[in-house]
Amino acid sequence: MKVRFAPSPTGPFHIGGARSALFNFLLAKKEKGTFLVRIEDTDLARSTKESEENIKAALKWLGMNWDEGIDVGGDNGPYRQTERLDIYKKYVDQLIKEGKAYYCYCTEEELDKEREAQMARGETPKYNGHCAHLTEEQIEQYKKEGRKPTVRLRVPLNQTVAFDDMVRGHIAFESNGIGDFVIVKSDGIPVYNFAVVVDDHTMGITHVIRAEEHVSNTPRQLVIFDALGWQAPTYGHISLILGADKKKMSKRHGATSVDQYRQQGYLPEALVNFLALLGWSPEGEDELFTMDQLIEQFSMDHVAKNPAVFDIDKLNWINFHYMKKLSDEELYELCLPHLQAAGYAPQSPSADEKAWLMMLCTCVRDHVSYGAQIVDQVKMFFTDSIEEDQEHAADIQAVKDEDTYKTVVAAFKDKLQAMDQVTPGAVKAAIKSIMKETKLKGKFVFMPIRVAITGQMHGADLNYIVTLFGKDKTAARLEAALA
RNA sequence: GGCCCGAUGGUCAAGCGGUUAAGACACCGCCCUUUCACGGCGGUAUCGAGGGUUCGAUUCCCUCUCGGGUCACCA
């Protein structure tokens, strides 16, 4: 078995592309086959080197290293389509010689006009065969006019083009609906559908897993395979990823590129795990898997046909799970860039600063499901004023209205002033003794202090919050609460 | 509009003629924690509609509806 992932380097690496790559990767590894990566850059205008690098980096970041293809090499290179032009030319020439393809001199304006006319008549727009049987004289005439021809494939009429899809089952199209389509553009570069066929065949691809949007391309590719006398690979079309409004996931749905998730502080293991669960379901009841476990469990039988809505809540939950496994040091590494971006951490922290920042990260880790989220959680440590949580305003007021509110706050302030050093342990002891002295139980001691210092009903461990603020800042806040 | 694909809770989904219709996220409740969270336990909630086939349809067939994809000298 040999599968491939063939991205076009025309922009940010989309999350859907990552999922296609993942399913190919998983299948290849599961079947002990080969995972090949090739670059489809025949769109000269939109392809960029930067995008190619971005895609390769993202693939590696996600843990999908390829066995053959771009950069790593192999027996079937080159693996960038623009470097394979002579290979395509050979087969185009062959098709023309055999009369299976022909030059078309129609201009884009002429084609546009014809298409509009067909649409107006309610017909399926397709090439009308204008240049299918040109005479020598006509060809000479067009050449004299300086027209640059495209090459079209003669698509046989009255045939059923069908294939058995690994996820969708039998799918059939009528060849009459296709029309002679362009396989080489007027600039001499083959069109995607043609290059794909030549590559898939010459590279020995046996199975193609790609997104559902390619279903309607498949009959065209099948017709090319047929014209060339080759056998087509087995296809599997996976459904699309949708936004919350059930429309194809796009920019307006938020982050759509792998890089954006990386930048937001998501872990590659989490993204892989999440993507795998979008459209594929495991046998058992567990849903948390490492890449190796996914490979072990993966099967095309359990790939869903219907499109899936991208659920950020679930991604966050999975990411939270993987973040829990991080050591304090790793957590700090993940969060530091975000703290720096927010101006909460210096570019190169000293040992003391690092120790404080690490405690900061550890303190709020139960409330952070991806790196960038830490900024919100620690905001209060970097502002002088207390921002009260509006959503729980009533609860906060209730705490303040408690008869013992000021008693507790004042008592804690005294204990704090008396401390030699503020540490989580010291704070804990202080709170404990207040409970003993006032005979108040947990909540009635913790909440007044929490509200006075943070203005929130929820949050991280109070002992650490106080320690992080330090004696002076905490005292000032307690003071303000008493006023 | 033509062609193609799809339809189980709010979301991801299992199911493949007979089930009390799994599980996960989210939500709600309880327990734990002398606070908050984490964690544990439990709960609410789903077969798009109508026809068939069948002793019996979520499951098979048809129609409708809805959703999506695609109709390029883009991939």
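Residues numbered from 1 in each chain as written. Chains lettered and ligands numbered in written order. Predicted model: local features only at pLDDT ≥ 70, side-chain atom pairs only at ≥ 80, totals over all residues. Heavy atoms only, no water.

**As for the pattern of salt bridges**
Thought 1: Within this structure, the stated rule accounts for 30 salt bridges.
Thought 2: For Lys56, the salt bridge goes to Glu53, with nearest N and O atoms at 3.2 Å. Here Lys56 and its partner Glu53 are both found in helix H2 (residues 49-61), three residues apart, which amounts to about one turn of the helix.
Thought 3: Classification of Lys56 by relative accessible area gives buried; the value is 3%.
Thought 4: Linking Lys100 and Glu98 is a salt bridge whose minimum nitrogen-to-oxygen distance equals 3.3 Å. (Salt bridge = Lys/Arg side-chain N within 4 Å of Asp/Glu carboxyl O. Helix = DSSP H or I, 4+ residues; strand = E, 2+ residues; numbered from the N terminus. Buried < 20%, exposed > 50% of the residue type's maximum accessible area, 1.4 Å probe, protein only.)

**Description of the domain arrangement of chain A**
The accessible area lost on association of the parts is a frequent measure of interface size.
Thought 1: Here chain A is partitioned into domain 1 (2-81 + 241-309), domain 2 (84-238), domain 3 (326-381) and domain 4 (384-482).
Thought 2: The C-alpha centroid of domain 3 is placed 55 Å from the C-alpha centroid of domain 2. (Domains from an automatic or database assignment.)

**A short note on unusual backbone geometry**
Thought 1: Cis rather than trans, the peptide bond between Gly77 and Pro78 has omega equal to -5°.
Thought 2: For Pro78, the position within the fold is in the loop between strand S3 (68-69) and helix H3 (85-97).
Thought 3: The backbone of Lys246 sits at a positive phi, close to 70°, despite the residue not being glycine.
Thought 4: In this structure, Lys246 sits in the loop between strand S11 (241-242) and helix H8 (258-263).
Thought 5: Phi at Lys439 takes a positive value of approximately 60°, unusual for a residue other than glycine.
Thought 6: Mapping Lys439 onto the fold places it in the loop between helix H17 (424-438) and helix H18 (442-454).

**Here we look at the side chain of Asn319**
Thought 1: The topology assignment puts Asn319 in helix H11 (residues 312-324).
Thought 2: Those residues within four positions of Asn319 in sequence are excluded, and the remaining contacts are Gly265, Tyr266, Leu267, Ala270, Ser369 and Tyr370. (Contact = heavy atoms within 4.5 Å.)

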